[in-house]
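Listed below are the residues making up each chain.
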Amino acid sequence: MGLCRVLLLGEGNFTFAAALCGARGTHVVATCYESEEEAAGSGAAARSIRRLRDSGAEVVFSVDCTKLKEHFLPGKRDFDRIYFNFPHCGRKAGVVKNRQLLASFFHSCTEVLAQEGEVHVALCNGQGGTPADQPRREWHNSWQIVAVAAAAGFILSDVHLFKAEAIDGYKCTGYRSQDKSFCVEGALNHIFTRSTAHLCFTPGSCETQLGSQKVSFQVPQVLVDKINRGFLEVNSTHPIRTTKEKLSAGLSQAFPLQDISSCLPLLHQGHPDGVCPSNIFCITLSSGEAPSPEEMSQRLANAVLVSHFGQDTEKNVREGCPVPKQFYLRPSLLPHAQAIIKDGAFSPGTLQVLCGPVFRKCRITPHSLPVFHEMLVVLAVSRGTENSCVQMLVDNIKTTVSSLHQGVSGIKPSISLQEATSLAAELNDFAAFEWQLGEIQHFLCVGTDPEPSGSCVGVIRTAPDELKSRELVVVSVSLNLDLLAMLLCGISDWRMLWTSDRRFLRQFPEGELRLFKSFSFYPPSYVHDISFWVPDGQEFDEVAFHTLARKVSGEMVVSIQLRDNFQQPGTGRRSLCYRVTFQSCDRALGSREAAEMQLHFREEVQQHLGVTLR
């Protein structure tokens, strides 16, 4: 462990610095804005300066906190911690000037802070403008510290009381630029860390197996950072893989189990029957990449994809008609299971387990995922025993999930099996989409506070005619591993599962599920409205609207709400107004960047959805 280099700024009487200078393994550099003559004018400051120098600390005068790079040579930068206690422009400076001071300070810190360093800023109660302030000021009347820091690439990673009485010899000073103390009761210490850099996603291609042929395709922009992340690979410590392994271990105690997840193609061909086109990611291969009709016929003969996914394509091939070169990213693993069943490549009584990412366009909510990892469990059982087998499967999953949840949080969740109804959309987008894929018998819901009624994390199906057998019936359970991992680990926003910030995975050692501790507190949000005229006679595609918001913002839009639906008298023209809220769960997002995203979003909406902006 190397020496911890600590920089203190804006010291008044240097009593805070003097309290730190004796800490083992710490090298203190204490500074103030005043000259040495001005600073040493008070007796307390003079004594603290002598103590600092006697202990080997550095004391530097006339340091401007907004130009730190100018005061330290390259070899003397890279501070592990920077402290700025109770910054103020002096005298009766208002909130705007103090915000500007903080903004310049944070930008200056980027040039002298170590990569994994911390910036500590202590503010009087109410100044910061975060929910940690009690009472909390109105946002416009606060220093807006999280938004100011975000503009420089910092996130608030911790906040706690500034306990002045616990600091040996510390005395606050500087009230209205005088040698007078001020009230620090309820003051807060805000700890900031660097955000991961915003990723500029360039269009990317992905290679996958389609029948006997390897093809490449252009990845949709919203999925560029989500394709081939390897969360389920053997060496992964991601909580999604751990959740899958724990569920598999539980199921294997009740049934023989075979994992058949390898080499499942990412692409399906044609269009899935019964599924809304707005919900799938369409992919077009170049003419040289698409399989020939002969290859496609062979692929279908080998039952790579069957059932209601791509029936029209199968019919075209068998009748010698041209094969469309339109593909889509798999929205479910169900057709792969159906292909295996049809091919007879299964053992009755043995659980067949398929796992992998699936892709679905959906509206923006904290629990709606355009990509998630599906765990599909398929079991062929004797006719007449399907109900008891479903109960065994569900009981096993309930026991495993309940045990995992209690082990992580100490709280027993409510797990229920709900009868399937056409009101699936009321549960969540996952349930609503599953309803499009085919008949469902039950929804599996897991509830914890504040949602004791439960969120749908799985669906149960029985397919009596799938095998065309009088003796056997197919039972399947589809589980959303991402939603399960979120519930088990207390993760409130699905985007956190896909963060590139290493602080996320550090919280989950191999084989362990733990309660997630956020490393970005009170992220700032920015609200913008967009209104437009919808073309006459055209139904507005709201899912496409949300997908464009995902693409433009890089998943920085956290909410889209319809504010107004207006029909103009006389002409009948329809106008829609939406409120778009930009907020990141893991990265710094400044107001200027959010405004630029909003402008780009307006351009994309007009270009791709054919609306007329107002």
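Analysis parameters
Residues numbered from 1 in each chain as written. Predicted model: local features only at pLDDT ≥ 70, side-chain atom pairs only at ≥ 80, totals over all residues. Heavy atoms only, no water. Buried < 20%, exposed > 50% of the residue type's maximum accessible area, 1.4 Å probe, protein only. Helix = DSSP H or I, 4+ residues; strand = E, 2+ residues; numbered from the N terminus. Pairing = 2+ DSSP bridges. Contact = heavy atoms within 4.5 Å. Axes fitted to C-alpha atoms, helices over the stretch in contact; angles between N-to-C directions. pLDDT = per-residue confidence, 0-100. Phe/Tyr/Trp six-rings, centres within 6.5 Å; stacked < 30°, edge-to-face > 60°. Lys NZ or Arg CZ within 6 Å of the ring centre and 35° of its normal. 1 Å grid on protein atoms, 1.4 Å probe; cavity = no way out; pocket = protein on both sides within 12 Å on 5 of 7 lines; lining within 4 Å. Points joined across faces, edges and corners; volume = space filled by probe spheres on them. Nonpolar A, V, L, I, M, F, W, Y, C, P; charged D, E, K, R; others polar. Domains from an automatic or database assignment. Salt bridge = Lys/Arg side-chain N within 4 Å of Asp/Glu carboxyl O. Core = buried A, V, L, I, M, F, W, Y, C linked by side-chain atoms within 4.5 Å. Parallel < 35°, antiparallel > 145°, perpendicular 65-115°, else oblique. Left-handed = near helix turned anticlockwise from the far one by under 90°. Disulfide = S-S within 2.5 Å.

(A) Examining helix 9 (residues 334–343) more closely. Among the 10 residues in helix 9, 8 count as buried, and that is most of the element. Regarding helix 9, the residues found buried are Leu334, Pro335, His336, Ala337, Gln338, Ala339, Ile340 and Ile341.

(B) The sheet that holds strand 23 (residues 612–613), seen in detail. Taken together, the 4 strands give an open sheet; going across it, the order is 21-22-20-23, and neighbouring strands pair in antiparallel fashion. If you trace the sheet from one side to the other, it starts and ends with strand 21 (557–567) and strand 23, each paired once. Summarising the sheet, strand 21 and strand 22 (residues 574–582) pair through 9 bridges and their orientation is antiparallel. Its bridge partner lying in strand 22, Asn565 is registered against Leu576. Strands in contact with helix 14 (residues 542–553) are strand 20 (526–534), strand 21 and strand 22; relative to strand 21, the strand with the most contacts, it is inclined by about 140°. Each of strand 20, strand 22 and strand 23 is contacted by helix 15 (residues 591–609), which is oriented at about 15° to strand 20, the strand it contacts most.

(C) Structural view of the confidence of the model for the chain. Per-residue confidence for the chain gives a mean pLDDT of 86, with 88% of residues at or over 70. Below pLDDT 50 for its whole length, residues 296–318 participates in 59 contacts with residues either more than four positions away or in separate chains.

(D) The arrangement of the packing of aromatic side chains in detail. In the structure shown here, the tally under the stated rule is 26 aromatic pairs. Members of the aromatic cluster, each reached through a chain of ring pairs, are Phe16, Tyr83, Phe86, Phe162 and Tyr170. Just above the ring of Trp533 sits the side chain of Arg573; from NZ or CZ to the centre is 4.2 Å.

(E) A look at empty space enclosed by the protein. The full count for this structure, using the stated rule, is 6 cavities of 30 Å³ or more. Lining the largest cavity are 14 residues, and of these Asp225, Arg495, Gly554, Glu555 and Arg587 lie nearest its centre. Tallied by class, residues from the lining of the largest cavity come to 5 nonpolar, 3 polar and 6 charged. When residues are assigned to domains, the lining of the largest cavity turns out to be shared by domain 2 (232–266 + 331–506) and domain 3 (526–613), each giving three or more. Considering only enclosed or pocket space, the second largest cavity measures out at about 80 Å³ in volume. In this structure, the second largest cavity is lined by 13 residues; those nearest its centre are Ile340, Ile341, Phe346, Gln352 and Val378. Contributing elements (two or more residues each) for the lining of the second largest cavity: helix 9, strand 14 (351–359) and strand 15 (371–382). Residue classes in the lining of the second largest cavity are distributed as 10 nonpolar, 3 polar and no charged.

(F) A look at the layout of surface pockets. When its volume is computed, the second largest pocket comes out at roughly 700 Å³. Looking at the second largest pocket, it is lined by 30 residues, and the ones nearest its centre are Glu233, Arg330, Cys355, Gly356 and Pro357. Of all elements in the fold, only strand 8 (205–210), helix 6 (239–252) and strand 14 reach the threshold of two or more residues within the lining of the second largest pocket. Per-class residue counts for the lining of the second largest pocket are 13 nonpolar, 8 polar and 9 charged.

(G) Representation of the pattern of salt bridges within the structure. Within the structure shown, the criterion is met by 19 salt bridges. Notably, a salt bridge pairs Glu555 with Lys226, separated by 3.6 Å at the nearest N-O pair. Note that Glu555 is positioned in the loop between helix 14 and strand 21 and Lys226 in the loop between strand 9 (213–218) and helix 6, a separation of 329 residues in sequence. Accessibility expressed as a relative area gives 9% for Glu555, which makes it buried. The buried category is assigned to Lys226, whose relative accessible area is 3%. With a closest N to O distance of 2.9 Å, Arg363 and Glu542 form a salt bridge. A residue pair is termed long-range when its members are at least 10 positions apart, and Arg363 in the loop between strand 14 and strand 15 and Glu542 in helix 14 qualify at 179 residues. What emerges from the salt-bridge pattern is a single network uniting Asp225, Lys226, Arg550 and Glu555.

(H) Structural context of the side chain of Gln598. With respect to the secondary-structure elements, Gln598 resides in helix 15. Taking the relative accessible area as the measure of exposure, Gln598 reaches 5% and is therefore buried. Among all residues touching Gln598, those that are not within four sequence positions of it are His528, Asp529, Ile530, Val580 and Phe582.

(I) Structural view of the nonpolar core. Residues Phe217, Leu223, Leu267, Leu329, Leu354, Met375 and Leu393 are the most contacted members of the largest nonpolar core, which totals 89 residues. If near-sequence neighbours (up to four positions away) are discounted, Leu223 is found in contact with Phe281, Leu329, Phe359, Pro370 and Val371. With 32 residues, the next largest nonpolar core counts Val63, Phe105, Val146 and Leu156 among its residues.

(J) Structural view of the sheet that holds strand 11 (residues 267–269). Strand order in the open sheet made by the 3 strands is 11-13-12, with antiparallel pairing throughout. Only two strands of the sheet have a single partner each, and these edge strands are strand 11 and strand 12 (282–284). Each adjacent strand pair in this sheet contributes to an overall mean axis angle of 40°, direction not counted. Two strands pair when backbone bridges link them, and strand 11 and strand 13 (residues 326–329) are joined in this way by 3 bridges, in the antiparallel orientation. Across the sheet, Gln269 pairs through a bridge with Phe327, a residue of strand 13.

(K) The arrangement of the packing of helix 14 against helix 15 in detail. Two elements in contact, helix 14 and helix 15, have axes whose closest approach is 9 Å; the angle formed by their N-to-C orientations is 140°. One way to sum up the angle between helix 14 and helix 15 is to call them oblique. As for the relative orientation of helix 14 and helix 15, their crossing is right-handed in sense. Taking contact as the criterion, the partners of Ala544, Phe545, Leu548, Ala549, Lys551, Val552 and Ser553 in helix 14 are, on helix 15, Met597, His600, Phe601, Glu604, Val605, His608 and Leu609. The residue inventory of the contact of helix 14 with helix 15, partitioned by class, reads 9 nonpolar, 3 polar and 2 charged.

(L) Region of interest: the pairing of strand 4 (residues 79–85). Burial analysis of strand 4 places 5 of its 7 residues in the buried class, the great majority of the element. Here strand 4 pairs with strand 5 (residues 113–123) via 6 bridges, running parallel. When the bridges of strand 5 are listed, Arg81 appears paired with Glu118.

(M) Focus on the state of the cysteines. If you walk through the whole model with that rule in mind, you get 0 disulfides. Cys109 supplies the cysteine sulfur nearest to Cys65, a cysteine that is in no disulfide, at a spacing of 8.0 Å.

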